Amino acid sequence: MRYVCRICGYTYDPEAGDPSQGIAPGTAFADLPEAWVCPVCGADRSLFQPESAPEATEEGPGGRVVIVGNGVAGFTVAWELVKRRRGLEIHIAAEERYHYYARPQLPRFLAGELGIEDLLFYEPSWYEAQGIRVWLRDPVVRVDREGRQAELRSGQILSYDWLVIASGSRPATPPIVGRELSGVFTLRTIDDALAIRESALDAQQAVVVGGGLLGLEAGKGLLSLGLSVTVVEVNDHLLPRQLDREGGEVLQRLLEQQGMRFVLGNSVARLVGMDRVREVHLENGQRLRADLVLISAGIRPEIELARDAGLTCDRGVIVDDYLRTSDARIYACGDVAQHRGRIYGIIPPALDQAQVVAANILGEKVEYHGSIPTASLKVAGIDLTSVGDVLAEGPGVEHIRLMQPEEGRYRKLVLREGKAVGAIAIGFRDQVPRLLQIVAEQADLRSIRRELENPDFDFAS
Ligand SMILES: Cc1cc2nc3c(=O)[nH]c(=O)nc-3n(C[C@H](O)[C@H](O)[C@H](O)COP(=O)(O)OP(=O)(O)OC[C@H]3O[C@@H](n4cnc5c(N)ncnc54)[C@H](O)[C@@H]3O)c2cc1C
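Below is a short write-up of the structure. The structure displayed is predicted, hence computed values, not measured ones.

With respect to the helices and strands, the residue L415 is situated in strand β27 (residues 409-416). In this structure, the C-alpha to C-alpha distance between L415 and Q355, residues 60 residues apart in sequence, is 30 Å. If sequence neighbours within four positions are ignored, L415 has contacts with G396, V397, E398, I400, A420, V421, L445, R449 and L452.

Trans peptide bonds make up most of the peptide bonds, and negative phi angles are found at most residues other than glycine. Within the chain, L239 stands out as a residue other than glycine whose phi angle is a positive 45°. Among the secondary structure elements, L239 is positioned in the loop between β14 (228-233) and α7 (245-257).

Our focus in this paragraph is the site of the ligand. In the region of the ligand, 30 residues are neighbours, and E95, E96, R103, R188 and I347 sit closest. Between A73 and the ligand, the recorded distance is 2.9 Å, taken from a backbone N or O atom to an oxygen atom. For the ligand, whose unbound accessible area comes to 990 Å², protein coverage reaches 94%. If you list the elements that add at least two residues to the shell around the ligand, you get α1 (72-84) and α9 (347-361).

This brings us to the state of the cysteines. Scanning the entire structure with this criterion turns up zero disulfides. C38 takes part in no disulfide bond, and the closest cysteine sulfur to it belongs to C8, at a distance of 3.6 Å. Its relative accessible area of 0% is what places C38 among the buried residues.

So, on to the packing of aromatic side chains. Using the criterion set out here, one finds 18 aromatic pairs in the structure. Judged by centre distance (5.8 Å) and plane angle (35°), the rings of F75 and W126 are tilted. A residue pair is termed long-range when its members are at least 10 positions apart, and F75 in helix α1 and W126 in helix α4 (residues 124-130) qualify at 51 residues. This pair shows no difference in class: F75 is buried, exactly as W126 is. Taking the centre distance of 5.2 Å and the plane angle of 85° together, the rings of W126 and Y127 count as edge-to-face. In this pair, the class of W126 matches that of Y127, namely buried.

Our focus in this paragraph is the pairing of strand β16 (residues 268-272). Note: β16 against strand β17 (residues 279-282), four bridges, orientation antiparallel. In the sheet register, R270 faces β17, and the bridge partner there is H281. The antiparallel hairpin formed by β16 and β17 contains six residues in its connecting segment.

Turning our eyes to something else, we now look at α9. Think of an α-helix as turning once every 3.6 residues; residues three or four places apart then point the same way. The terminal C-alpha atoms of α9 lie 21 Å apart, and with 15 residues this matches the ideal 21 Å at 1.5 Å per residue to within 8%. Counting buried positions along α9 yields 13 of 15 residues, so the element is predominantly enclosed. In the segment just after α9, G363 is the residue with positive phi, at about 85°.

Turning to α7, a few remarks are in order. The end-to-end C-alpha separation of α7 is 18 Å, in line with the 18 Å expected for 13 residues at 1.5 Å each. Considered for burial, the residues of α7 that qualify are G247, G248, V250, L251, Q252, L254 and L255. Taken from the residues just after α7, G259 is the one with a positive phi, measuring 110°.

Scanning the model with the defined rule gives 26 salt bridges in all. Salt bridges sharing common partners tie together D244, E246, R401 and K412.

Read across the open sheet, the three strands follow the order β16-β17-β18; overall the sheet is antiparallel. Every interior strand has two partners, whereas the edge strands, β16 and β18 (287-289), have only one. Looking at each pair of strands side by side, their axes are set apart by 20° on average, direction ignored.

What follows is about the sheet that holds strand β2 (residues 11-12). Taking strand neighbours across the sheet as the criterion, the three strands line up as β2-β1-β3 in an open arrangement whose pairing is antiparallel. In this open sheet, the two edge strands, each paired with only one partner strand, are β2 and β3 (48-50). Inspection of the sheet shows strand β1 (residues 3-5) paired to β2 by two bridges, in the antiparallel sense. Bridge pairing in β2 places Y3 opposite Y12.

This paragraph deals with the nonpolar core. Of all hydrophobic cores here, the largest spans 77 residues; its most connected members are C5, V77, L81, I132, L163 and I361. When neighbours within four sequence positions are excluded, V77 is seen to be in contact with I67, V164, C333, A354, V357, A358 and I361.

We now examine the packing of α1 against α9. Running from N to C, α1 and α9 cross one another at 40°; their axes reach a closest spacing of 8 Å. Taken as axis vectors, α1 and α9 run oblique relative to one another. Relative to α9, the crossing made by α1 is right-handed. From α1, V72, A73, T76, V77, E80, L81 and R84 reach across to α9, where they touch I347, A350, L351, A354, Q355, V357, A358, A359 and I361. Taken together, the residues of the contact of α1 with α9 break down into 12 nonpolar, two polar and two charged.

What counts and how
Residues numbered from 1 in each chain as written. Predicted model: local features only at pLDDT ≥ 70, side-chain atom pairs only at ≥ 80, totals over all residues. Heavy atoms only, no water. Helix = DSSP H or I, 4+ residues; strand = E, 2+ residues; numbered from the N terminus. Contact = heavy atoms within 4.5 Å. Near = heavy atom within 4 Å. Polar contact = N/O pair within 3.5 Å; in protein donor to acceptor, adjacent residues only side chain to side chain. Areas by Shrake-Rupley, 256 points an atom, 1.4 Å probe, with all protein chains shown as cover. Disulfide = S-S within 2.5 Å. Buried < 20%, exposed > 50% of the residue type's maximum accessible area, 1.4 Å probe, protein only. Phe/Tyr/Trp six-rings, centres within 6.5 Å; stacked < 30°, edge-to-face > 60°. Pairing = 2+ DSSP bridges. Expected span 1.5 Å × (residues − 1). Salt bridge = Lys/Arg side-chain N within 4 Å of Asp/Glu carboxyl O. Axes fitted to C-alpha atoms, helices over the stretch in contact; angles between N-to-C directions. Core = buried A, V, L, I, M, F, W, Y, C linked by side-chain atoms within 4.5 Å. Parallel < 35°, antiparallel > 145°, perpendicular 65-115°, else oblique. Left-handed = near helix turned anticlockwise from the far one by under 90°. Nonpolar A, V, L, I, M, F, W, Y, C, P; charged D, E, K, R; others polar.

In structure tokens:
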């Protein structure tokens with residue numbers, strides 16, 4: 001059986017094994033070592049699923065589920081439902097013109113390393129075989145909660161027993177003067193990447209606004225297209241949500257070695273040009289030449305449909321511990337959902353939430369108590385993982401660091417009252433699975449507290 005990475009779409013084929021990690025041909029997925037990670041994106045084994053959904057075993061009373069959005073959250077709800085229950089009718093309404101694809105691979109698509117067919121998880125025939133009806137380029141434009149009906153842009157009316165709002169998010173665009181100039185982009189979809197690629201054909205200098213996860217990945221994509229790339233970040237170090245200053249500096253050094261440039265602790269005042277952008281003016285008066293600007297300044301959950309339907313919304317659609325919205329027939333999950341005040345904006349929580357939504361549609365009454373955020377970045381050979389509360393401070397909190405900047409390595413473990421609550425690992429791929437596990441379990445490490453200080457301490461052994 002082949003297994004697919006739910007982050008990037010890489011398929012593990014037992015017949016081929018994984019020579020890059022010394023896995024011999026003929027090794028079944030179940031027999032892979034614990035330290036094995038996705039060779040493309042660095043995701044750990046728990047983020048893989050069998051390529052084909054197992055045959056559903058449960059019979060049920062039936063009913064119709066309409067899912068708004070075919071990103072990872074919407075797709076996973078459908079997958080979990082077909083896997084478990086015969087007799088449900090499943091519709092997915094999709095605004096984009098493509099079937100479910102690996103959004104995290106967009107920077108490599110942008111760089112020209114992958115084609116559209118490499119991004120797609122399944123062929124259209126797969127959906128037909130599973131009995132999932134996908135309405136491409138036909139978004140839900142209105143929800144009639146009284147009549148339990150969703151109206152698509154084409155005019156098609158879909159009645160539902162359960163509605164799932166998985167409409168994701170869009171890039172946030174701060175009100176920067178000049179953002180409407182040509183040559184200024186955000187990156188969220190295949191079509192965005194196609195437009196950027198076309199514009200890059202006659203561009204030389206790119207400025208990326210925002211040194212977060214997506215900004216760096218997109219910057220690397222632009223670098224591969226032959227552009228010179230400068231990243232402008234308002235904080236004084238990179239990945240301010242996932243890394244501390246020391247980690248940010250190690251990452252910056254590694255990216256600089258690949259040719260990326262950085263302006264930190266500064267923000268963009270305006271974008272300047274006649275028709276196309278030509279310069280970026282910073283708050284401190286500095287000017288950067290740019291004929292392509294990519295704004296990567298966070299996300300804005302796509303709540304419009306839910307708000308117009310009268311559902312309770314804040315920054316996202318508010319959900320309870322069953323991931324129900326303020327209407328018990330309507331669930332929300334993924335980037336659009338706000339649970340206990342939190343919007344995650346990454347894939348692992350979207351997967352957790354989608355599983356809970358599917359289980360609750362099947363009547364199981366499963367509660368969701370939040371996810372431990374994990375970010376993995378794998379750009380041009382840099383393995384970086386940040387898990388849990390890596391920026392915790394205060395009484396009872398200890399930081400145990402191993403710094404090897406010359407080798408491009410950094411490891412930090414955060415303990416609260418002796419328990420592991422967060423970890424950063426740059427260049428320690430073998431140790432990542434164990435670090436993820438001890439943070440997930442909030443393992444009590446007091447008995448080995450002194451050993452942890454030893455630079456040779458290896459979490460993998
Ligand atoms: C370039 C890039 C790289 C990333 N890399 C990583 C990574 O390495 N690791 C990680 O964990 N996360 C990463 N992310 C974030 C991750 O992609 C998101 O967290 C994830 O896609 C959220 O899934 P979702 O299904 O909630 O929303 P989305 O993926 O945004 O999907 C929602 C879909 O719903 C559609 N839609 C919206 N409104 C409607 C409507 N009314 N009707 C029908 N359809 C509608 C949208 O067009 C969209 O296709 C990355 C994101 C980007 C853009």
